[in-house]
Amino acid sequence: MADLRIQRLDVRNYRGISLSRSLLFDGKSILLFGENGTGKSSFIDALEKLLTGGVSTLDARGQGISSQTYGPHIRSRLEACEIAISFGESASLDLKSAVSASAHTVQEYAQAARQPVYILRRGQILAFIESQPRDRYDLLRPYLSLQEIERVETAFGGALNQSQVEADAAKSLVAQHSGELRRFLDLRGTTGELSEDPILEALNARLRFAGRSELHRLDQIPKSIGLLNEDLSKFGDISKPAALSAVVTALGEFEEALRSLDLSQALASISNLRNREMIEVQVIYERVLQEGADWIEREKRTECPLCEQEMKRFSPDEVIKRARARVEEKKELLDLRQQLTSQLNSLLGSIASVIRTAERARTLLDKIPQQLRQGAESALANIALRLNNLATDLRKPIAQLNIGTLESTIAEFKGENEVTSAIRRTIGVVQKELDSLPSPAVAQTLLELRELLTRVKASWEELVPSQSALIRAENITSQARIVHNTFQQARKEIISELFEDISDDVDRLYHELHVHHDSGDRRHATHRNLRLELREAVQRSVNLRGDFYEVADVDPRGYYSDAHLDTLGISIFLALRLWYRRQHPSFNLMVLDDVVSSVDSRHAVQLAQLLLKEFASFQILITTHDRIWFEHLRDIQARCGVAQNFVNKTIYKWTIDEGPDLREPTDEESRLRELLADGQPYEMASVAGRLLEHILQEMRYSLRLPVPAKPGELYEIGDLWSPFYREIKRNFPRLYSEGQSILDALDISWPLRNWIGAHFNRWAVNVSRDVAKEFAHAVVKLFELLYCPNCRRFVAPSTTPLGQIACRCGDKIYAALGKEAIPLSVRTELVTKSAGALKEAKLSTDLHIEWKKSEGKRER
Amino acid sequence: MQSETNLDEDILDRFFYLLTKRDDFPPQLLERLKGIRNDESLTSSTVILSALKEGTTQDG
């Protein structure tokens, strides 16, 4: 399927374009010349607005400036803007129609054009080069279209985070059940994972003391409880004393658990940490120091990892040493933080355990008569609620912990208050009731032992699966981490390989632009091996490196001239555009908005050749305000055999009321011929004046007329005629002699242009038909004298031989004084024979200077 | 779009290749992740976590 190519761009009421204006591509590329401020970029802004929905140069400025508010013409509103591109055969895009309603090929084109990666403006050339590495990656994002893969990476990161949360929860459960068992069996001196052995040992000590059989495994507890029940049954109905005993034990354990809840260590640590931080004054970013030192060492970098500037005061080795020494100095602070975190985690486990104890006591209280409970249930509920609140507070970041509040909360728990009084009162009442029952002390001991076994069994049964769940959760987290890290590695590797491909193009294109410096093998060029590198130690960050003379691996910004950095910026853009084309083969648009203004003539010519050869299959819109480069590019179009692929347009002037003036001289000439037949005098003179102005604008460029500068370069006939007339008369006598009658007539009648041209006045309306006709006739003749309809170019001074003036194809030719005119074919031969001394027969800067020198000699 | 497909696929191919080369990554989990890729559900952290849980044995 053939690529879509723009046939025309129509714009109205957008940026500097007020009245309807069209760029007629006819499926070709356009080379658009215009002085600064004549509306070239308005066409590009309009094109970008239509294809991307915004204008990057406006939308990136911030502070209320946007394409939405500043896009419309200053005297228009957004609703009145009209922008449309036509691809021919009724395929088109415009501001008001939905892209989805377009043909499939147009939709595909519009989709590829959504990101403005095919537009390079003068102000953007250095954006990539001068950006910091992280910003460079962001600038490359639109080319890479990584949004989808970044969503995958985010999902892997999310799975890792969630698995970590679940592992932390499992860890907390293990701490809770371990804490209970340690408290039941008085194992509080032990730390770490709780295994079966210390529990068995502690339980067996109790069983031995009570004269009971020891256990070999904890799963023998039910059997031991059965034996205890058998012995207890001998004491008659023991359900009531059992229930009362369980309540006393549970409430006692609750009291004990509450009493042992020790915030003092954590509070002391918080206080200690804060004091230490106050002494340090500066907060230490240990991770930054550690990773920064690693980065400098591993990548052998010479820039600071934070500001990415060259390290000047200390060498990289010294910086690494100092960073590590600083981390070591702060180790105490780091240890304090780590210790506090560990204490807080342990405290949270203890709080959860106390809450569980309270809940268990409440359950047991339900089994004894109401009159014995003494308000203990509500007291337990109250304290469980407050403990939950305390746990919530303790989960806050360390900096937000309020020591005063925590101290007062814990003081309430520990001191005498309604809650603790109610608990103690209940224990007293229940114990009194228990003592009053006719139960021997042995039964009491057996009951307590049975209660202990029951509770150890319950906690152990919860601890074992919690420990398994923790191991499993940690395994899952470990796999999630492998998956996440591997994915990052894969992305990094692929992007690095991609950068290698793009870098090869950057280096090659840069070499093409500087082939006059370093002819031959680019591997031995003075500026070589230019490349984009994904930074090893930093995710999503891009370095720009190259070799410069004998120095390898440097940042080009440190050595290259501004002009070379400009051409490097252009090379990077072109390499990326080639890459983007490989991804979207049917999307061929490329826009270069005045990008050669900062590079010299030789680089500009190389760029022109490069564009026309390497990017021949693209549809390019090139704008320039550099007339010499405009002419070069036109010449090179012919030389590269691609002239038929280009439309060369000139904007002659711009006004706020109308916008850019894109009229073709041939259109004006045709109109003038019609008016000569039956037009009104005023209209006839007006169009003749406009055509004359047009001719003089062209001749100003080609003859380099010395014209005093005017604001906006809005030259009119009055400014241009005299320098033009003098130049022709003095330096191009053959042309003057052939057109003398016309030139002399116009020299007398040119003021008509000002009187009756664009500037209306009452006097001008009264111009007679004969005067207007004479003026118009002379202008048409001048046009015929200077414009070649075959190559569609005005005549310009030739260099072979100097003093000759001719159009590009040689059809229109006026010989130098005393010489024969040399036609194109012979001229080509002459250039070949001169073996480069005259280069190509075109007006390069050097030849122009040569010609001007010669002109000076002739004048003398 | 073609570019997204190509680059995305390249990265995913490399990702699975790197996982295959690891000897500490369970083959059954690798197969599950491949299945999710085929279902085009790799952008869901819930689906991935669920696969990690199902594909991870007690001993890792």
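Residues numbered from 1 in each chain as written. Chains lettered and ligands numbered in written order. Predicted model: local features only at pLDDT ≥ 70, side-chain atom pairs only at ≥ 80, totals over all residues.

Draft legend 1. A look at the sheet that holds strand 4 (residues 82-88) of chain A. All names here are of chain A. A sheet is described by the order of its strands in space; here four strands give the open sequence 2-1-4-5, paired in antiparallel fashion. Edge positions in the sheet fall to strand 2 (21-24) and strand 5 (91-94), since each has one partner strand and no second. Mean inter-strand twist for the sheet, computed between neighbouring axes without regard to direction, equals 15 degrees. (Pairing = 2+ DSSP bridges. Helix = DSSP H or I, 4+ residues; strand = E, 2+ residues; numbered from the N terminus. Axes fitted to C-alpha atoms, helices over the stretch in contact; angles between N-to-C directions.)

Draft legend 2. Structural view of the sheet that holds strand 6 (residues 119-121) of chain A. Residue and element names in this part refer to chain A. Strands sit in the order 6-10-11-3-12 across an open sheet of five strands; the sheet is parallel. Because the sheet does not close on itself, it has two edges, and the strands there are strand 6 and strand 12 (646-651). Averaged over all adjacent pairs, the angle separating strand axes in this sheet is 10 degrees, with direction ignored. Where strand 3 (residues 29-34) meets strand 12, six bridges bridge the pair, whose relative direction is parallel. In the strand pairing of strand 12, Leu-31 is matched with Asn-648.

Draft legend 3. Quick peek at unusual backbone geometry. Residues and elements named next belong to chain A. With a phi close to 60 degrees, Asn-13 is a non-glycine residue in the positive phi region. Following the sequence through the fold, Asn-13 ends up in the loop between strand 1 (8-12) and strand 2. Owing to 23 C-beta atoms within 10 Å, Asn-13 belongs among the buried residues under this scheme. For Asp-553, which is not glycine, the phi dihedral falls at a positive 55 degrees. The exposure class of Asp-553 is partly exposed, given the 13 C-beta atoms found within 10 Å. (Buried ≥ 20, exposed ≤ 12 C-beta atoms within 10 Å, placed from the backbone.)

Draft legend 4. The interface of chain B and chain A, seen in detail. The interface of chain B with chain A comprises 27 residues on the first partner and 32 residues on the second. Of all elements in the fold, only helix 1 (2-21) and helix 3 (45-55) of chain B reach the threshold of two or more residues within the side of chain B that touches chain A. The element contributing the most residues to the side of chain B that touches chain A is helix 1 of chain B, with twelve residues. The class makeup of the residues in the side of chain B that touches chain A is twelve nonpolar, nine polar and six charged. (Contact = placed C-beta atoms within 7 Å. Nonpolar A, V, L, I, M, F, W, Y, C, P; charged D, E, K, R; others polar.)

Draft legend 5. Seen up close, the environment of Ala-685 of chain A. Residues and elements named next belong to chain A. With respect to the secondary-structure elements, Ala-685 resides in helix 23 (residues 681-702). Overall, Ala-685 belongs to the buried group, with 29 C-beta atoms counted inside 10 Å. Sequence-wise, Ala-685 and Phe-775 are 90 residues apart; in three dimensions their C-alpha atoms are separated by 6.9 Å.

Draft legend 6. Spatial organisation of the environment of Asn-402 of chain A. Of note, Asn-402 of chain A is situated in the loop between helix 15 (376-394) and helix 16 (403-414). Note: C-alpha distance between Asn-402 of chain A and Leu-267 of chain A (135 residues apart in sequence) is 9.5 Å.

Draft legend 7. Here's a closer look at the confidence of the model for chain A. Confidence in the prediction of chain A, expressed as mean pLDDT, is 83, and 88% of residues score 70 or more. For the stretch residues 834-843 of chain A, pLDDT sits under 50, and the model shows 16 contacts to residues farther than four places along the chain or on other chains. (pLDDT = per-residue confidence, 0-100.)

Draft legend 8. Expanded view of the pairing of strand 8 (residues 542-548) of chain A. All names here are of chain A. In the sheet, strand 7 (residues 527-534) pairs with strand 8 via six bridges, with the strands oriented antiparallel. Note on strand 8: the bridge partner recorded for Glu-533 is Asn-543. Both strand 8 and strand 9 (residues 551-554) contribute to a ladder of two bridges, which runs antiparallel. Bridging across to strand 9, Gly-546 finds its partner in Val-554. Hairpin connection of strand 8 to strand 9: two residues between the antiparallel strands, including Tyr-549 at a positive phi of 50 degrees.

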